[in-house]
Amino acid sequence: MHENLVIVESPAKAKTIEKFLGKDFFVTSSMGHIRDLEKKDFGIDIENNFLPKYIIPDDKKKLVSELKKLAKEAKVVWLASDEDREGEAIAWHLAEVLKLKPENTRRIVFHEITKDAILEAVKNPRSIDLNLVNAQQARRVLDRIVGFEVSPVLWKKVKPSLSAGRVQSVAVRLIVEREREIMNFNSTSAYRVSAGFLVPGPDGNVVEMKAELSKRFDTKDEAYQFLEKCKSATFSISDITQKPSKRSPAAPFTTSTLQQEASRKLGFSVSQTMSVAQRLYEAGKITYMRTDSVTLSALAINAAGKQIKSTLGEKYHQVRQYKTKSKGAQEAHEAIRPTYIDQEEISGTAQEKRLYELIWKRTIASQMSDAELERTTVTIDISTAPEKFIASGEVLIFDGFLRVYMESVDDEEQNGNSKSLLPPLNVNQQLRADKIFATERFTQRPPRYAEASLVKKLEELGIGRPSTYAPTITTIQNRGYVVKEDRPGIERTYTELILSGGKISEKHKKENTGAEKSKLFPTDIGMVVNDFLIKYFDLIMDYSFTAKVEKEFDEIAEGDIVWNEMINSFYQPFHSKIENALNEAERAKGERFLGNDPVTGKPVSVKIGRFGPIAQLGEAEDDGEKPQFASLRPGQHIETITIEEALELFKLPRTLGEYEGKTVTVAIGRFGPYIRHDNKFVSLEKGVDDPYSVELDRAVELIESKREKDKNALVKTFDEDPDLRILNGRWGPYISFKKKNYKIPKGTNAEALSFMDCQQLIEKESATVKKTRKK
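Residues numbered from 1 in each chain as written. Predicted model: local features only at pLDDT ≥ 70, side-chain atom pairs only at ≥ 80, totals over all residues. Heavy atoms only, no water.

**Here's the deal with the pairing of strand S26 (residues 680–683)**
Two faces make up the sheet, and in a regular strand the side chains alternate between them. Our working rule: In this description, strands pair whenever DSSP reports at least two bridges between them. Runs of E in the DSSP output that reach at least two residues are strands. Runs of H or I that reach at least four are helices, and both are numbered from the N terminus.
By the bridge criterion, four bridges tie strand S25 (residues 672–677) to S26 in an arrangement that is antiparallel. When the sheet's bridge partners are listed, isoleucine 675 is paired in S26 with valine 682.

**Some thoughts on empty space enclosed by the protein**
Just so we agree on the cut-off: A cavity here means a set of points on a 1 Å grid, drawn over the protein atoms and nothing else, where a 1.4 Å probe fits but cannot get out; a pocket is an open set with protein on both sides within 12 Å along at least five of seven lines, and a residue lines either one if it has an atom within 4 Å of a point. Grid points are joined across faces, edges and corners, and a volume is the space filled by probe spheres set on the points. Three classes are used, and their members are as follows: Ala, Val, Leu, Ile, Met, Phe, Trp, Tyr, Cys and Pro are nonpolar, Asp, Glu, Lys and Arg are charged, and the others, Gly among them, are polar.
On inspection of all chains with the given rule, the structure shows two cavities of 30 Å³ or more. Estimates place the volume of the largest cavity at around 60 Å³. Around the largest cavity sit Ser163, Ala164, Ser169, Val172, Tyr481, Gly526, Val529, Asn530, Leu533 and Met541, which together line it. Contributions of two or more residues to the lining of the largest cavity are made by helix H6 (166–183) and helix H14 (524–536). Per-class residue counts for the lining of the largest cavity are six nonpolar, four polar and no charged. Here the second largest cavity is characterised by a volume of approximately 40 Å³. Surrounding the second largest cavity, His2, Leu5, Phe26, Leu70, Glu73 and Ala74 form its lining. Here the lining of the second largest cavity is built from residues that sort into four nonpolar, one polar and one charged.

**Regarding the environment of glutamate 584**
This is how it is decided: Any residue under 20% of the maximum accessible area for its type is buried, any over 50% is exposed, and the rest in between are partly exposed; the area is computed with a 1.4 Å probe on protein chains only.
By secondary structure assignment, the location of glutamate 584 is in helix H17 (residues 563–584). What makes glutamate 584 exposed here is its relative accessible area of 56%. A sequence separation of 22 residues divides glutamate 584 from valine 606, and the C-alpha atoms of the two residues are 24 Å apart.

**Focus: the packing of aromatic side chains**
Let me state the cut-off plainly: Between 30 and 60 degrees the pair is tilted, below 30 it is stacked and above 60 it is edge-to-face, where a pair is any two Phe, Tyr or Trp rings, Trp via its six-membered ring, whose centres lie within 6.5 Å. Comment: the charge-over-ring label is applied if NZ (Lys) or CZ (Arg) is within 6 Å of the ring centre and within 35 degrees of the ring normal.
Taken as a whole and judged by the stated rule, the model has 17 aromatic pairs. Ring plane angle 70° and centroid distance 5.6 Å describe the contact between phenylalanine 50 and tyrosine 571, whose orientation is recorded as edge-to-face. Here the residue phenylalanine 50 occupies a position in the loop between strand S4 (44–45) and strand S5 (51–52), and tyrosine 571 occupies one in helix H17, the gap between them amounting to 521 residues. What makes phenylalanine 50 buried here is its relative accessible area of 3%. Ring geometry for phenylalanine 532 versus tyrosine 536: centroids 4.9 Å apart, planes at 45°, classification tilted. Here the residue phenylalanine 532 and the residue tyrosine 536 both occupy positions in helix H14, the gap between them amounting to four residues, near one helical turn. Take phenylalanine 532 and tyrosine 536: they sit in the same class, and that class is buried. Between arginine 173 and the ring centre of tyrosine 543, over which it is positioned, the NZ or CZ distance is 4.7 Å.

**What to know about the sheet that holds strand S30 (residues 740–743)**
Rules: Orientation is described by axes fitted as lines to C-alpha atoms, over the contacting stretch for helices, and by angles from 0 to 180 degrees between their N-to-C directions. In this analysis, two residues are considered to be in contact whenever any of their non-hydrogen atoms come within 4.5 Å of each other.
The four strands lie next to each other as S27-S28-S29-S30, forming an open sheet whose pairing is antiparallel. Every interior strand has two partners, whereas the edge strands, strand S27 (714–717) and S30, have only one. Strand after strand, the sheet turns through a mean of 30° between neighbouring axes, direction not considered. In this sheet, strand S28 (residues 725–729) lies alongside S27 in antiparallel orientation, the contact comprising three bridges. Across the sheet, the residue bridging to threonine 717 is arginine 725, located in S28. Lying over the sheet, helix H19 (residues 696–713) contacts S27 and S28, oriented at roughly 60° with respect to S27.

Next up, the structure:
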């Protein structure tokens with residue numbers, strides 16, 4: 001029997017806390033929520049003021065029984081789940097299910113798992129905050145209503161197995177709208193003029209100083225005429241401006257900024273960042289990782305100051321307290337920081353070490369001095385033209401916080417104007433132009449969202465909270481509305497005019513443009529669902545409405561509004577839209593007519609099919625002739641595919657020739673492109689082979705490679721029954737019998753197994769499976 005029972009939500013957290021509490025405390029874990037809304041019958045009593053119907057899942061019943069027993073034996077139960085709304089709800093569910101008496105129950109919260117923080121929390125317990133619980137319940141109930149009422153509409157009107165969500169659907173809308181901006185974008189070109197001027201350097205040697213013209217020319221002729229003027233021109237410095245400037249450090253991390261920076265600097269996905277941060281928090285190495293606060297405690301500020309002064313000196317230290325700009329900053333009381341700021345390095349996995357280092361550097365830099373720079377701008381006159389060349393340079397006078405950390409920026413924020421050091425110069429100084437370039441440059445289309453930039457946009461719009469960013473982005477990818485992938489760019493030709501030695505030459509160069517790395521692309525089904533939801537459920541797809549709902553959750557957490565009333569004000573107009581969509585909406589296939597096939601005269605169209613976007617050639621005729629169907633290729637969209645591209649899709653299956661007296665064909669199936677030979681199937685190598693261009697030699701190579709692989713996979717066959725085989729698999733040898741696989745125990749010599757041995761293993765595993773199913 002334990003006098004004090006402490007319940008947290010994870011075993012890792014329990015293990016860390018246990019070290020700080022004495023023998024009178026027993027720490028255990030609830031493994032997250034112990035109950036949830038029931039999945040059948042909606043899980044919400046709409047008629048009874050939206051009362052949630054909670055159940056204990058089957059996989060939690062044994063754990064709940066153990067917790068009830070422990071709680072009954074303890075004198076005091078301490079509920080120590082996380083300090084945000086989700087954590088408060090976990091504590092409330094525990095109190096309800098375990099039937100804890102208020103006089104024997106203590107709620108404790110802390111935003112770091114250190115001995116001082118835990119002992120301080122034990123000294124200052126509180127009761128469960130029902131306002132926070134109600135805010136969590138309101139979010140859960142509203143999201144269940146949206147998901148359970150809209151999803152059946154999508155099944156009926158778009159495609160089976162689809163689903164919708166309040167925040168997820170808005171996130172998809174952002175990605176779809178950006179994609180359409182890109183589709184409709186028309187790039188224009190202009191000529192950027194730059195020059196290399198030869199001037200004496202500090203050591204007397206001649207160096208090149210680069211400068212750019214203050215104007216761009218719309219056409220090649222205009223650029224050519226300007227270079228003609230420069231042939232006989234003299235160049236002189238008309239102005240030199242030097243301005244001191246400062247650069248200040250970024251605030252300590254919030255959930256959002258940590259996700260963004262970990263993506264840019266470490267290449268982590270949003271969910272990966274949160275998973276690693278969770279482990280660091282539960283191990284007592286960082287403060288709570290779901291927060292939108294940028295403030296630091298006085299203790300942390302003092303510890304950072306001490307660390308900076310001892311390692312870098314007084315001049316690098318500057319006390320700073322940041323203010324949280326987010327109106328809904330309810331999640332926690334402090335920014336994400338190391339719990340022990342004097343620990344620059346930690347033990348752990350490589351990912352944990354890298355993320356910890358990022359958090360440590362950002363925290364330390366936030367308490368450091370500004371970086372001091374001097375910016376120089378040089379204006380160069382042209383004797384034969386009114387335009388001017390501008391040269392810019394930057395000198396770092398004092399590195400300040402840059403000694404430790406520099407914040408990264410997204411692709412779309414990079415302007416490419418890197419500043420370099422300029423040589424000594426004087427006003428009226430004559431300059432000699434070495435070469436002048438007029439290079440054709442193109443306007444850039446809007447950038448696609450990466451996970452980090454999508455989080456930033458959601459935060460700017462007030463959509464979602466620290467606890468929702470990662471699951472939202474994961475969900476829209478899992479549902480197939482969005483894919484995250486790399487895509488190659490396309491080759492583009494551009495023109496460059498060069499003035500050198502009094503002569504103008506012209507060159508045509510090539511560059512790769514539009515390459516994407518780990519960007520979010522909407523799928524065709526994502527675009528069709530988005531359009532349907534905007535048409536019939538404009539309320540839940542509206543950005544300002546979604547942000548307004550988040551603010552109302554915040555108001556519920558503050559106790560300013562009643563959660564049931566907030567849900568009711570949403571439900572009435574929303575439910576009428578559900579009924580209208582079911583009764584009035586036409587089936588949405590995203591269908592688009594492209595034209596008629598010039599050879600057969602049959603109509604060609606594209607639409608959403610059972611397994612994704614497809615092209616259709618012809619229609620079902622009375623004489624029984626059926627239309628042909630072909631899947632769209634990766635990167636092709638229903639909205640942008642042309643009739644020529646669609647007709648290319650019907651060239652499959654394609655006959656490549658004969659091998660070993662049997663026909664070899666290539667086609668695309670449900671699971672991707674494949675080679676067919678002698679009634680056997682061989683997959684094409686993803687990213688290497690194109691079914692529309694692969695040749696017979698390559699097909700034979702793939703066929704032989706598959707044969708070799710299959711040969712090496714075969715360990716043993718049996719004359720008693722050819723269907724029974726022992727094969728080598730990814731995780732070791734196994735038995736294959738009548739299209740089913742059976743395990744071979746570890747340490748068993750697979751080659752030594754007899755026919756009877758295999759039959760016994762099959763019978764044993766089959767009996768275990770039956771017993772499990774029955775249970």
